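# Secondary and tertiary structure notes
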Amino acid sequence: MTMQRTIIRTIFAAVLGTTIATGGAAQAQIPAAAADATVVPGVVPGVVPGVVLGQPLTLNLGVPPAGTDCATQAATLNAQALVLVANGQTIPGARASFGCSAKGELVGTASTSISGNGDDAAQRRASWQTAFSGFFNLAGAKTLPVAFGPATGGMTTAPKMVSIQGASDRDLGLAAVWFALVAALFLFAFFRHFGRTDAITPIAGVPMPANYRAPYSLARFQLLWWSGIVTASYVAILTITGSMDTITTGTMALMGIVGGTSVLAAFQDRRPSDDDTRRHQHAAAYLAAAAANPPDQTAMAASLAEVYPPSQGLLPDLLSDAAGYNIHRLQLLAWTGVLGITFLYEVTRTLGMPEMSANLLALTGISNGTYFGFKMQEQQVPTPTGTA
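Residues numbered from 1 in each chain as written. Predicted model: local features only at pLDDT ≥ 70, side-chain atom pairs only at ≥ 80, totals over all residues. Heavy atoms only, no water.

## Here's the deal with the packing of aromatic side chains
Rule in force here: Note on aromatic contacts: the rings of Phe and Tyr and the six-membered ring of Trp form a pair at centre separations within 6.5 Å, being stacked when their planes are under 30 degrees apart, edge-to-face when over 60 apart, and tilted otherwise. The rule is simple: take the accessible area with a 1.4 Å probe, protein chains only, and divide by the maximum for that residue type; under 20% is buried, over 50% is exposed, in between is partly exposed. Sitting over a ring, as applied to charges here, requires NZ of Lys or CZ of Arg to be within 6 Å of the ring centre and within 35 degrees of the ring normal.
Evaluated as defined, the whole model comprises 9 aromatic pairs. Here the aromatic rings of Trp128 and Phe132 are separated by 6.4 Å at their centres, their planes lie at 40°, and the arrangement is tilted. Take Trp128 and Phe132: they sit in the same class, and that class is buried. By the ring-pair criterion, three or more aromatic residues cluster together here, those being Phe190, Phe191, Tyr216, Phe221 and Trp225. Its end group placed over the ring of Tyr216, Arg196 keeps NZ or CZ at 4.1 Å from the ring centre.

Now the structure itself:
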């Protein structure tokens, strides 16, 4: 396990290292560019362009008032331990440093890092989310007023309009690739093998059909659905932020509800039930049809399909039993899909796992409990014709 963690961290450190190195180079070059104030086509005048979260942000504060020495002013501001303030939101830990350009203009630089583990990194990410007015803008840049002020709140310097993007195109591309790969892995696992019910026990004298495929399981679908969403989201967030501690309590509780339902469903499928009796009745009908002279092939095929119920397709398997489509299966499948899509929306909106409320988790638990309660009453194998 330690070796696996080391490998994972090494991979993502390499991924994030290029971005950090780019940010460091930008930090060394920005003061001179800020002092030159060249006109760039397509850039709005008065707006600092092209800042990506994770890279240092540098503001040209201009020439100090007459009679004030720039070096003295910079030393005074450095002594105040000012931090970055974006859109009125204080960014904790974004300690600013001040210096002077070649033209004697005051220049301030602060980190916009959203990476790292621990409470301080989580607070920085939450502050940036608030600065973006509740939407962590990953796809494009937003123009926000940015200044420097005390960690306790407020602004010391005059705000400047800055164009800020939530993540670089490179990080977004890598996150999308990792997400797609993990999601594809879980899809493959579901359709290849793990999404189907446990193999049915063969009955002596009744051969299992060639290339037999058991029906898909709704409980397994739900487990793999949520496992894929949470794992793929975790990897994508890790790619952008570098944080390994992004699983919320609500997410763990959700996985506990889903996992518990899967365990109970598997237990229910394995325990003796009336379906076993009906399967043996169909097996007896198959053997009788096979012993006829000539063998009744139609009756044999019909009985064989009941002894070993085959898959009818994804949706029919998930939504029905021997009696047809069931409302409790539909409500669980619909709620699972809606909540999963909402979960993914929150991940892209906040760049973090959503913290689900107690009411939302209770509703999910009720939905799963209702499904399991009705599942105990389900009939997977129909009663043979003429049998009481």
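## Re unusual backbone geometry
The cut-off we apply is this: Helix and strand definitions here come from DSSP, where helices need a minimum of 4 consecutive H or I residues and strands a minimum of 2 consecutive E residues; each element is numbered from the N-terminal end.
Note that the residue after Asn293, namely Pro294, is joined by a cis bond; omega there is 5°. Residue position: Pro294 is located in the loop between helix H7 (274-291) and helix H8 (297-307). Phi at Ala81 is positive, roughly 55°, even though this residue is not glycine. For Ala81, the location among the structural elements is in the loop between helix H2 (70-79) and strand S3 (83-86). Overall, the relative accessible area of 30% leaves Ala81 in the partly exposed class.

## Remarks on the confidence of the model for the chain
Stated formally: Per-residue confidence from the prediction method is given by pLDDT, with values spanning 0 to 100. For this analysis, residues touch if any pair of their heavy atoms sits within 4.5 Å.
Averaged over every residue, the pLDDT of the chain is 82; residues scoring 70 or more account for 85%. Long-range and interchain partners of residues 1-44, a stretch whose pLDDT sits below 50, account for 32 contacts in this model, where long-range means more than four residues apart.

## Some points on the pairing of strand S6 (residues 141-149)
Going by this rule: Criterion used throughout: strands pair if DSSP finds at least two bridges between them.
Pairing of S3 with S6 involves 4 bridges; the strand directions are antiparallel. Within S6, the residue paired with Ala86 across the bridge is Val146. Across 6 bridges, S6 lies against strand S7 (residues 160-165) in antiparallel orientation. Each residue of the ladder has a partner; that of Thr143, found in S7, is Ser163.

## A few points about helix H6 (residues 249-270)
Put simply, the test is: Between the first and last residue of a helix there are one fewer steps than residues, each counted as 1.5 Å, and that sum is the expected span.
With 22 residues, H6 should cover 32 Å at 1.5 Å per step; its first-to-last C-alpha distance of 32 Å lies within 8% of that length. All of the buried residues in H6 are Gly250, Thr251, Leu254, Val258, Gly259, Thr261, Ser262, Ala265 and Gln268.

## Section: the side chain of Ser233
Worth spelling out the cut-off: Polar contacts, as counted here, are pairs of nitrogen or oxygen atoms within 3.5 Å of one another; within protein the pair requires one atom able to donate a hydrogen and one able to accept it, and residues that are adjacent in sequence qualify only if both atoms are side-chain atoms.
Tracing the chain through its elements places Ser233 in helix H5 (residues 218-241). A residue is classified by how much of its surface remains accessible, and Ser233, at 1% relative accessible area, is buried. For Ser233, the side chain forms a polar contact with the main-chain oxygen of Ile229, separated by 2.7 Å. Other than its neighbours up to four places away in sequence, Ser233 contacts Phe179, Phe343, Leu344, Val347 and Met353.

## Focus: the packing of H5 against helix H10 (residues 327-350)
This is how the line gets drawn: The angle between two axes is taken between their N-to-C directions and runs from 0 to 180 degrees, where each axis is a line fitted to C-alpha atoms and a helix contributes only its stretch in contact. Between 65 and 115 degrees an angle is taken as roughly perpendicular, under 35 as roughly parallel, over 145 as roughly antiparallel, and anywhere else as oblique. Amino acids outside the nonpolar list (Ala, Val, Leu, Ile, Met, Phe, Trp, Tyr, Cys, Pro) and the charged list (Asp, Glu, Lys, Arg) are all regarded as polar, and Gly is one of them.
As a packed pair, H5 and H10 sit with axes 11 Å apart at the nearest point and diverge in direction by 0°. Here H5 is positioned roughly parallel relative to H10, judged by the angle of their axes. Contacts between H5 and H10 involve Leu218, Phe221, Gln222, Trp225, Trp226, Ile229, Val230, Ser233 and Ile237 from the first element and Arg329, Leu332, Leu333, Thr336, Gly337, Leu339, Gly340, Phe343, Leu344 and Val347 from the second. Considering only residue class, the contact of H5 with H10 consists of 13 nonpolar, 5 polar and 1 charged.

## Examining the pairing of S3
Residues in a regular strand project their side chains so that they alternate between the two faces of the sheet. In terms of strand pairing, S3 meets strand S4 (residues 89-100) through 3 bridges, oriented antiparallel. In the strand pairing of S4, Ala86 is matched with Gln89. Between S3 and S4, which pair antiparallel and follow one another directly, the connecting turn spans 2 residues, one of which, Asn87, has a positive phi of 55°.

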